[in-house]
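Notes for the structure review
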Amino acid sequence: MPTVLILCTANRCRSPMAEYLLRACIEELDLDWSIRSSGLHADEGGLMHPFAVTALQHHGIEVDEAWTTRRLDSALPAASDLI
């Protein structure tokens, strides 16, 4: 299973939106990929920005309530096929 890691700064808007949008496309194509996101300076365990949640909802994508921000660590890139 290919693993994709999407990065931005805080992991509150851009990278989580890209994570959810790409995941929706991958599911639509019935592919078995793992999609994750992380931030270079993220506060671990934060919530996605409400504007990002609203933007995803406008595309019919619901954000998992358990989703939280992740700070980039050395394990994430090492376990990813595409960054």
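The present account deals with the structure reproduced in this document. (Residues numbered from 1 in each chain as written. Predicted model: local features only at pLDDT ≥ 70, side-chain atom pairs only at ≥ 80, totals over all residues. Heavy atoms only, no water.)

Points about a nonpolar patch on the surface
Together, Leu7, Leu40 and Ile83 give the surface a local cluster of nonpolar side chains, amounting to about 270 Å² of exposed area. Among the structural elements, Leu7 can be located in strand β1 (residues 3-8). (Patch = residues over 30% accessible without salt bridge, like charges linked within 9 Å, V, L, I, M, F, W, Y side chains within 5 Å. Areas by Shrake-Rupley, 256 points an atom, 1.4 Å probe, with all protein chains shown as cover. Salt bridge = Lys/Arg side-chain N within 4 Å of Asp/Glu carboxyl O. Helix = DSSP H or I, 4+ residues; strand = E, 2+ residues; numbered from the N terminus.)

A word on the pairing of β1
Most of β1 sits inside the fold, with five of its six residues counted as buried. One ladder, built from six bridges, connects β1 with strand β2 (residues 34-39); its direction is parallel. By the bridge assignment for β2, Ile6 is matched with Ser37. Between β1 and its parallel partner β2, the chain crosses via helix α1 (residues 14-28), and the hand of that crossover is right-handed. (Buried < 20%, exposed > 50% of the residue type's maximum accessible area, 1.4 Å probe, protein only. Pairing = 2+ DSSP bridges. Right-handed = clockwise from strand over helix to strand, strands pointing away.)

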